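If you want the building blocks of each chain, they are given just below.
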Amino acid sequence: MKMKNILYITDDYLYLKNKKNKDIIKYKVSKNIIESGKIVNIIKFNKLYEKMLSDNHLNNTLFGETIKIIVTPNYKSADITLLKNIFNCFNYRKVIVDYITKNYKLNDNNCYINIISNTIFITMLNEYKKINTITILSSNFKNTLDLCKYIKYIVLDRELYLLGSGELLTEIFNLFEDTFGNKTFIFSNHDTYILTKFI
């Protein structure tokens, strides 16, 4: 089913693809509203989302529509229920939640690293061919080199596909290319790449 409204939630930005707009709407999120991809302040998030809709002249056009929300792998069923309840307040007919990992093209030789603010999600296949995601907080490491050594320990010699945004993304890319010798890929639309895969 082709979705007309798709939202991707990150700590720094909300990304909305809407049937009315050709371009993806990228809306800045203030601190302490979303952490590790999860909404932590519902009141501020509701105001932010209302303002994003209003600023893009979408407040009345989404009534009764379906929306798909793309979430990070750390969402549990209680988080998804909360998210659906939040978006039901915006009068969507149906709220569908999909994990970001759904459209990863994983095999035994690769992994995806998604960087959202200071949270890093490493997704790869385990020995039983099941999708396995490891969550790391960059703030737990002294510097980016130590962080990359730990990531290298996890990913071994796999090819890396980097997604997300921020300076940390570029630093990890450079270190893995130059120091660790892993084939490392970064998409030109690394912050919205996943969103385009759900369209």
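The structure we're discussing is the one just above.
Rules behind the numbers
Residues numbered from 1 in each chain as written. Predicted model: local features only at pLDDT ≥ 70, side-chain atom pairs only at ≥ 80, totals over all residues. Heavy atoms only, no water. Pairing = 2+ DSSP bridges. Helix = DSSP H or I, 4+ residues; strand = E, 2+ residues; numbered from the N terminus. Axes fitted to C-alpha atoms, helices over the stretch in contact; angles between N-to-C directions. Contact = heavy atoms within 4.5 Å.

Draft legend 1. Here's a closer look at the sheet that holds strand β11 (residues 159-164). One open sheet holds the five strands; their spatial order is β10-β9-β8-β11-β12, and the pairing between them is mixed. In this open sheet, the two strands that pair with only one neighbour each are β10 (131-137) and β12 (184-186). Adjacent strand axes in the sheet meet at a mean angle of 20°, parallel and antiparallel pairs treated alike.

Draft legend 2. The arrangement of the sheet that holds strand β6 (residues 66-71) in detail. Read from one edge to the other, the open sheet built from five strands follows the order β3-β2-β1-β6-β7, with strand pairing classed as mixed. Of all the strands in the sheet, the pair left with one neighbour each is β3 (25-28) and β7 (94-99). Strand-to-strand twist across the sheet, computed as the mean angle between neighbouring axes with direction ignored, equals 20°. One ladder, built from six bridges, connects β6 with β7; its direction is parallel. Across the sheet, I70 pairs through a bridge with D98, a residue of β7. Here helix α2 (residues 77-88) sits on the sheet in contact with β1 (5-9), β6 and β7, set at roughly 145° to β7.

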